[in-house]
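Chain by chain, the residues run as shown.
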Amino acid sequence: MPGWTIGIESTAHTLSFGLVDSNGIPYPAFSDTVRPDQGGIHPREAADHHKDVAHTLFDKLLQEYNLSVRDISAIAYSQGPGLGPCLRVGAAIARGMSSMLDVPLIGVNHCVAHIEIGRQQCGCQDPVLLYVSGGNTQVIAHLDGKYRVLGETLDIGIGNMLDKFARNQGIPFPGGPVIEKLAREWLSQNENPSLNGLELPFAVRGMDLAFSGIMTAAQRLIDNGAELGAVCWSLQEHSFAACVEIAERALSHTGKTELLLGGGVACNSRLREMCDLMASERDSTSHAPPRMYCIDNGTMIALLGHIELENGRVTQYSDSAIDQYLRTDQTEVSWAV
Ligand code: AMP
Ligand code: MG
């Protein structure tokens, strides 16, 4: 069946191809994530990885869904924000495919794609989004025709903070899921946990957040002999509470009643639980998409490309350059929210 929109995600550590059908129904993506042996992600090495795996990954997608390239009717890609070299690989593949297949090209905003896949998967109408990923941490709401950032991190993303703390303990990327496991195991052995001796700075700065201080302080607890599981638990409690606090203020300020989680850190069960609790205490609802659509994935890019195309937007080659610093509120929301 013709009419499939392909989505290419390449903002950071993951290259992913996903797709939606002609009705905008999403299908799981094929992804490959770079996992450095040592240190953090190097943008050029990640870009080389994306270039190397692209062909095989795309073939797998076509095979899995029994498609030929003739079934593709549009190509969407992440235009930003993200790491320049990684974004350029995705954009180059997208331009090449669009030109070869003679189908429309749609460059989309990665952050907005997280919102739209979440709305589609959870059936929310007009949520406040708590977007918690590796590189980004933002609270976003739709106001006056755009998704506005009401609060965000002033330094590193929350996922980045968790990954860096984990790396210092010898835990490889991605550290977030391991911290979650260590915290859960420690909690199961400590029925009445106390923050006594495990205090960390609170990350809230007005409506914004900052995570580098909390990471340094957590490392200091380890250096002073605290148990790793206890510090993981305290780190989650403090950093998640800060995110939930500004999300709650955003709900209160905008009068909206739906909270939507997005980004890789939204896979975390404790964060989901804290959001459920906060929402239920203020007669609101909290929603989290399936985990495969929380982490970076090509399907959300395909979905937003499909929506934008339905609303008449295509990207000309002359406007197809990537933008590392693309802001959530730079994208005109021409579709119904
Ligand atoms: P993204 O940048 O949205 O693809 O998400 C990747 C980030 O999500 C990395 O920083 C991971 O450590 C983090 N992450 C993934 N799963 C979890 C989890 N269960 N708990 C906390 N962080 C997580
Ligand atoms: Mg993301």
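Peer 1: When you look at the sheet that holds strand 2 (residues 14-20) in this model, what are you seeing that I'm missing?
Peer 2: One key point about sheets: their strands pair by backbone hydrogen bonds, in either a parallel or an antiparallel sense. If you trace the five strands from one edge of the open sheet to the other, you get 3-2-1-4-5, paired in mixed fashion. Edge positions in the open sheet fall to strand 3 (26-33) and strand 5 (105-109), since each of these has one partner strand only. Strand-to-strand twist across the sheet, computed as the mean angle between neighbouring axes with direction ignored, equals 20°. Packing against the sheet, helix 9 (residues 298-310) makes contact with strand 1 (4-9), strand 2, strand 3, strand 4 (72-80) and strand 5, and its axis sits at approximately 45° to strand 2.

Peer 1: Just to check I follow, could you spell out the site of ligand 1 for this structure?
Peer 2: In the vicinity of ligand 1, 17 residues are found, and the nearest of them are Gly-134, Asp-163, Glu-180, Gly-264 and Asn-268. Taking His-13, its side chain carries an N or O atom lying 3.4 Å from an oxygen atom of ligand 1. Here a nitrogen atom of ligand 1 and a side-chain polar atom of Asn-268 are 3.0 Å apart. Considering ligand 1 on its own, with 500 Å² of exposed area, one finds that the protein chains cover 93% of that surface. Those elements that provide at least two residues to the shell around ligand 1 are helix 4 (158-168) and helix 5 (176-188). Of the residues belonging to the shell around ligand 1, the class tally is five nonpolar, nine polar and three charged.

Peer 1: Just checking my understanding: could you explain the pattern of salt bridges for this structure?
Peer 2: When the charged atoms of two side chains with opposite charge come close together, those side chains can pair. Overall, the coordinates contain ten salt bridges when judged by the stated rule. Here Glu-116 makes a salt bridge to Arg-119, at a shortest N to O gap of 3.1 Å. On the criterion of helical spacing, the pair formed by Glu-116 and Arg-119 is a turn pair, its members being three residues apart in helix 3 (residues 110-122). An identical accessibility class is assigned to Glu-116 and Arg-119; each is buried. Taking the shortest distance from any N to any O, the salt bridge between Lys-256 and Asp-126 comes out at 2.8 Å. Residue Lys-256 is found in the loop between helix 7 (228-254) and strand 11 (258-262), and its partner Asp-126 is found in the loop between helix 3 and strand 6 (128-132); the two are separated by 130 residues along the sequence.

Peer 1: Hey, could you run me through the side chain of Gln-79 in this one?
Peer 2: Relative to the helices and strands, Gln-79 is located in strand 4. Non-local contacts of Gln-79, meaning those with residues more than four positions away in its chain, are made with Leu-87, Gly-107, Val-108, Thr-315, Asp-319, Ser-320, Ala-321, Ile-322 and Asp-323.

Peer 1: Explanation requested: the domain arrangement of the protein chain in the structure shown.
Peer 2: For interface size, the figure often reported is the accessible area lost on association. Domain annotation of the protein chain identifies domain 1 (4-115 + 294-330) and domain 2 (126-291). Opposite the 17 residues of domain 1 that make contact, domain 2 presents 22 residues. Each partner contributes to the roughly 1,600 Å² buried at the junction of domain 1 and domain 2, and carbon and sulfur atoms together form 63% of this total. Between domain 1 and domain 2 we count one salt bridge in total. Note that Arg-327 and Glu-152 form a salt bridge whose closest N and O atoms lie 3.0 Å from each other. Where domain 1 meets domain 2, there are eight residue pairs in polar contact (both at pLDDT 80 or more). A per-element tally of the side of domain 1 that touches domain 2 places helix 3 first, with five residues.

Peer 1: Got a minute to help me understand the state of the cysteines in this structure?
Peer 2: Every disulfide links exactly two cysteines, by a covalent bond between their sulfur atoms. In total, this model carries zero disulfides according to the counting rule given. We note that Cys-243 lacks a disulfide partner, and the nearest cysteine sulfur, in Cys-275, lies 8.3 Å from it. When its relative accessible area of 0% is taken as the criterion, Cys-243 is described as buried. Not engaged in a disulfide, the cysteine Cys-267 finds its nearest cysteine sulfur in Cys-294; these two sulfurs lie 4.9 Å apart. Relative accessible area serves as the criterion here: at 18%, Cys-267 is assigned to the buried category.

Thresholds applied
- Residues numbered from 1 in each chain as written.
- Chains lettered and ligands numbered in written order.
- Predicted model: local features only at pLDDT ≥ 70, side-chain atom pairs only at ≥ 80, totals over all residues.
- Heavy atoms only, no water.
- Pairing = 2+ DSSP bridges.
- Helix = DSSP H or I, 4+ residues; strand = E, 2+ residues; numbered from the N terminus.
- Axes fitted to C-alpha atoms, helices over the stretch in contact; angles between N-to-C directions.
- Contact = heavy atoms within 4.5 Å.
- Near = heavy atom within 4 Å.
- Polar contact = N/O pair within 3.5 Å; in protein donor to acceptor, adjacent residues only side chain to side chain.
- Areas by Shrake-Rupley, 256 points an atom, 1.4 Å probe, with all protein chains shown as cover.
- Nonpolar A, V, L, I, M, F, W, Y, C, P; charged D, E, K, R; others polar.
- Salt bridge = Lys/Arg side-chain N within 4 Å of Asp/Glu carboxyl O.
- Buried < 20%, exposed > 50% of the residue type's maximum accessible area, 1.4 Å probe, protein only.
- Domains from an automatic or database assignment.
- Buried area = accessible area lost by both parts, 1.4 Å probe.
- Disulfide = S-S within 2.5 Å.

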